[in-house]
Amino acid sequence: MGTETNVLTAHVPLSLAEKVEAMVSRLERSRGWVMKQANVDAGRVIDHQSIQSWAESLSTDKPLPPPAK
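Residues numbered from 1 in each chain as written. Predicted model: local features only at pLDDT ≥ 70, side-chain atom pairs only at ≥ 80, totals over all residues. Heavy atoms only, no water.

**Student:** Tell me about the side chain of S57, and please be specific about residues and values.
**Tutor:** Following the sequence through the fold, S57 ends up in helix α3 (residues 48-57). Given the relative accessible area of 8%, S57 is considered buried. Apart from the residues within four sequence positions on either side, S57 is in contact with K62, P63 and L64. (Helix = DSSP H or I, 4+ residues; strand = E, 2+ residues; numbered from the N terminus. Buried < 20%, exposed > 50% of the residue type's maximum accessible area, 1.4 Å probe, protein only. Contact = heavy atoms within 4.5 Å.)

Right under this line is the structure:
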């Protein structure tokens, strides 16, 4: 069984959006799939526990700094 997910929207430079669209067409995959693969391939991942701890701290008097890769 997979992990539940949610789609987020972000503004990106037009040149990047055009590159993503070209890959979407060439690979016949979704934009979400292409973006996910790009981040993983580039090593831009942060472990779940670090994100969870940071997110939970946001509602406290002393929020943690955002986690770094």
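**Student:** A description of the pattern of salt bridges should follow, citing residues and the corresponding values.
**Tutor:** Overall, the coordinates contain 1 salt bridge when judged by the stated rule. The closest approach of N and O atoms between R31 and E21, which form a salt bridge, is 2.3 Å. With R31 in helix α2 (residues 31-41) and E21 in helix α1 (residues 14-27), this residue pair connects regions lying 10 residues apart in the sequence. Taking the relative accessible area as the measure of exposure, R31 reaches 53% and is therefore exposed. Accessibility expressed as a relative area gives 32% for E21, which makes it partly exposed. (Salt bridge = Lys/Arg side-chain N within 4 Å of Asp/Glu carboxyl O.)

**Student:** Can you lay out the packing of aromatic side chains for me, pointing to particular residues and giving the numbers?
**Tutor:** Each aromatic ring pair is summarised here by two numbers: the centre-to-centre distance and the angle between the ring planes. Considering all chains together, one arrives at 0 aromatic pairs under this definition. The ring centre of W33 lies 4.3 Å from the NZ or CZ of R29, which sits over that ring. (Phe/Tyr/Trp six-rings, centres within 6.5 Å; stacked < 30°, edge-to-face > 60°. Lys NZ or Arg CZ within 6 Å of the ring centre and 35° of its normal.)

**Student:** Go over unusual backbone geometry with me, naming the residues and quoting the values.
**Tutor:** Positive phi outside glycine occurs at E28, with the angle close to 55 degrees. Among the structural elements, E28 can be located in the loop between α1 and α2. Taking the relative accessible area as the measure of exposure, E28 reaches 71% and is therefore exposed.

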